[in-house]
Amino acid sequence: MKTLWDHCHAATLTGGKYSIIEDAAILTDGARIEWIGPRAAAPEIGEGERVDLEGAWVTPGLIDCHTHLVFGGDRSGEFEERLEGVSYAEIAARGGGITSTVRATREASEDALFEAAKRRAFGLMREGVTALEVKSGYGLDLANERKMLAVARRLGHALPLTVRATCLAAHALPPEYANRADDYIAYICDEMLPALVEEGLVDAVDAFCEHIAFSTQQVERVFRCARDLGVSVKLHAEQLSSLHGSSLAARYQALSADHLEFMTEADAIAMAQSGTVAVLLPGAFYMLRETQLPPIDALRRQRVPIALASDLNPGTSPALSLRMMLNMGCTLFRLTPEEALAGVTIHAARALGLKATHGSLEAGKCADFVAWRIERPAELSYWLGGALPNRVVRGGAEIDFERIAR
Ligand code: DI6
Ligand code: FE
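What you see is a predicted model, and the numbers here were worked out from it, not measured in a lab. Residue positions are given per chain, counting from 1 as you read along its sequence in written order. A letter from A marks each chain and a number from 1 marks each ligand, given out in the order of writing. Residue-level local features of this predicted model are given only where pLDDT is at least 70; pairs of side-chain atoms are given and counted only at 80 or more, and the full residue set underlies all totals for whole chains, interfaces and linings. With hydrogens and water stripped out, all remaining heavy atoms of the structure feed into the side-chain values.

### Some points on the environment of glutamine 273
Just so we agree on the cut-off: Secondary structure elements are taken from DSSP: a helix is a run of H or I of four residues or more, a strand is a run of E of two residues or more, and numbering for both begins at the N terminus.
Mapping glutamine 273 onto the fold places it in helix α9 (residues 265-274). Here the alpha-carbon distance between glutamine 273 and cysteine 189, two residues 84 residues apart in the chain, equals 28 Å.

Shown next, in the form of structure tokens:
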């Protein structure tokens, strides 16, 4: 069935950058975009439907390419303690931090995790997110990593939302492997990843490369295993120190390297050569009150595609809004609103291995887009949170949020 989404302006993001068509129309055929261009040149639709978008600005559906959306419990108590001066390290040393979320996630049933994750996903969707990534990494054993990834798959089936599932078993050392990090890495490579990939639960493999997590040697073992299994990799790198994980990621043609506050120009050159996306996470930067900015100028100079994401997680980025990240990417990292928009559309699609089908408005791609009642696209980065009036179209059909909330 054909639909002409008429009377709009379009920020298309074609060619990997911000570009616009004023007085535009979009023709969809089922779940695909068949044509987009100036209204005056719109094709005849015959029996098809015409929808008047009343001068709205249309962007591609937003893509949150780095989330830890599935988890048990929350850490608001730790947040209060940190505000009173207790350090993250002290909290971690007495079994708080990531370990407390691991405990809560292991205790939670799959259904309970699903319901909580669905509420968070729904909030993101309302503000225009049509695709997102979900990482595991709070299970840290085969049964519980499987449970998390199964929840990610269920979200994709239950909601009008594209979900990519990333196995982050190498996130932290589970308590039962204390002081045996190499043994845990062997368990990931010999047992967990082969089983989870075989079960079809893994779209990509991620790890946390940091002195408080895993070394570059340990990460490389995980990457080699992923390569042998035919799965793409990505990496949490250079968040707190410079280990050159991003260069390692580039050597393995990673889809993305994420955080990157401490990356160097040499890392940026390596990422540019491999086409690895730099995913910036202003929510974690803000929550941890970091002061070291990611090297935006080096990324621009080397033409590394820059994505922005929520890093939604209970510890370092309890960010329930991707649009808020647009503002924070601009105010904290000095991105332009145009770069920020590219960061949650075309570059985010690439960071998830979806660039052939998602992230821009062009013929042949999925008909996932948002019609915003705004005067200028920069408003998406300008307004600090809040619900901007919009209509969200996924797979060529407008989402009825009242109905799916029931
Ligand atoms: N980096 C982060 O910011 C989160 N994970 C990671 O590898 C933190 C996750 C948490 O504190 O629960
Ligand atoms: Fe993260």
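### Observations regarding the UniProt feature "domain: Amidohydrolase-related" (unreviewed entry) in the protein chain
For the record, the criterion: UniProt positions are given in the numbering used here, feature names are shortened, and annotations may be inferred rather than shown by experiment.
Residues annotated by UniProt as "domain: Amidohydrolase-related" (unreviewed entry) correspond here to residues 57-372. For the annotated span residues 57-372, helix accounts for 45% and strand for 15% of the residues, and the straight-line distance between the end C-alpha atoms is 5 Å.

### So, the pattern of salt bridges
Side-chain pairing between opposite charges can occur once the charged atoms of the two side chains come close. Stated precisely, the cut-off is as follows: Salt bridges are identified by distance alone: a Lys or Arg side-chain nitrogen within 4 Å of an Asp or Glu carboxyl oxygen.
Enumeration over the complete set of coordinates arrives at 20 salt bridges. A salt bridge links glutamate 265 to arginine 301, with the shortest nitrogen-to-oxygen separation between them at 2.6 Å. Here glutamate 265, found in helix α9, pairs with arginine 301, found in helix α11 (residues 296-301); they are 36 residues apart in sequence, far enough to count as distant. Each of the salt bridges in this network shares a partner with another, and the network as a whole consists of Asp6, Arg39 and Arg50.

### Some details on the coordination of the iron ion (ligand 2)
We count it as follows: Only nitrogen, oxygen and sulfur atoms qualify as donors, and only when within 2.8 Å of the metal (3.2 Å in the case of Na, K and Ca); with water excluded, sites may look incomplete. Donor angles set the geometry label: tetrahedral for four donors if every angle is between 85 and 135 degrees, square planar for four and octahedral for six if opposite donors exceed 155 degrees and the others are between 65 and 115, irregular for anything else.
Distances from the iron ion (ligand 2) to its protein donors, His66 (NE2), His68 (NE2), His236 (NE2) and Asp311 (OD), fall within 2.1 to 2.3 Å. Geometry at the iron ion (ligand 2) is irregular, judged from its four donor atoms and the angles of 81 to 168 degrees they form at the metal. Along the chain, the residues that donate to the iron ion (ligand 2) are spaced as H-x1-H-x167-H-x74-D. Of the two residues, histidine 66 is situated in the loop between β5 (62-64) and α1 (76-83) and histidine 236 in strand β9 (residues 232-237); the sequence distance between them amounts to 170 residues.

### Quick notes on the site of ligand 1
Quick note on the threshold: Only a single heavy atom is needed: when it lies within 4 Å of a molecule or strand, its residue is near that molecule or strand. Polar contact criterion, stated in full: a pair of N or O atoms within 3.5 Å, where within protein one must be able to donate a hydrogen and the other to accept it, and residues adjacent in sequence count only if both atoms are side-chain atoms. To measure how exposed things are, a 1.4 Å probe is used in the Shrake-Rupley method; for residues, cover is taken only from the protein chains shown.
In the region of ligand 1, 14 residues are neighbours, and Arg75, Tyr88, Tyr138, His171 and Thr316 sit closest. Contacts to ligand 1 include glutamine 239, whose side-chain N or O atom sits 3.3 Å from a nitrogen atom. Calculation on ligand 1 without its partners gives an accessible area of 320 Å², and the protein chains cover 98% of this total.

### So, the packing of aromatic side chains
Spelled out, the test is: Each Phe, Tyr or Trp ring, with Trp reduced to its six-membered ring, pairs with another whose centre is within 6.5 Å; inter-plane angles below 30 degrees give stacked pairs, above 60 give edge-to-face pairs, and intermediate values give tilted ones. Per-residue accessibility, obtained with a 1.4 Å probe over protein chains only, is compared with the maximum for each type, and a residue is labelled buried under 20%, exposed over 50%, and partly exposed between these values. Put simply, a charge is over a ring when the Lys NZ or the Arg CZ is close to the ring centre, within 6 Å, and near the line of the ring normal, within 35 degrees.
Scanning all chains against the criterion turns up nine aromatic pairs. When the centroid spacing of 5.6 Å and the interplanar angle of 85 degrees are considered together, the rings of phenylalanine 122 and phenylalanine 401 count as edge-to-face. Taken together, the residues span a long stretch of sequence, with phenylalanine 122 in helix α4 (residues 110-126) and phenylalanine 401 in helix α16 (residues 401-405) at a distance of 279 residues. For phenylalanine 122, a relative accessible area of 15% translates into the label buried. On the numbers, 5.6 Å between centres and 55 degrees between planes, the contact of phenylalanine 223 with tyrosine 252 is tilted. Linking phenylalanine 223 in helix α7 (residues 216-229) with tyrosine 252 in the loop between α8 (245-251) and β10 (256-259), this pair joins segments that are 29 residues apart in sequence. Classification of tyrosine 252 by relative accessible area gives buried; the value is 13%. Feature note: the residues Tyr177, Tyr184, Tyr187 and Phe214 constitute an aromatic cluster, connected by ring pairs. Lying across the ring of phenylalanine 71, arginine 120 places its NZ or CZ 3.7 Å from the centre.

### Topic: α7
Formally: Here the expected length of a helix is defined as 1.5 Å per residue gap, with one fewer gap than residues. Think of it as the arc spanned by the lines of direction from the helix axis to the C-beta atoms. Contact between two residues is taken to exist if any of their heavy atoms lie within 4.5 Å; hydrogens are not considered.
Across its 14 residues, α7 extends 20 Å between first and last C-alpha, which sits within 8% of the 20 Å expected from 1.5 Å per residue. Along α7, the positions that sit buried rather than exposed are Gln218, Val219, Val222, Phe223, Cys225 and Ala226. Buried residues of α7 fall within an arc of 160 degrees about the axis and therefore sit on the same side. Facing away from the buried side of α7 by over 90 degrees, the exposed positions are Gln217, Arg227 and Asp228. Summarising the contacts, the buried residues of α7 are in contact with β7 (162-170), α6 (181-198), β8 (204-207), β9 and α8. One or two steps after α7, the chain reaches glycine 230, where phi turns positive at roughly 80 degrees.

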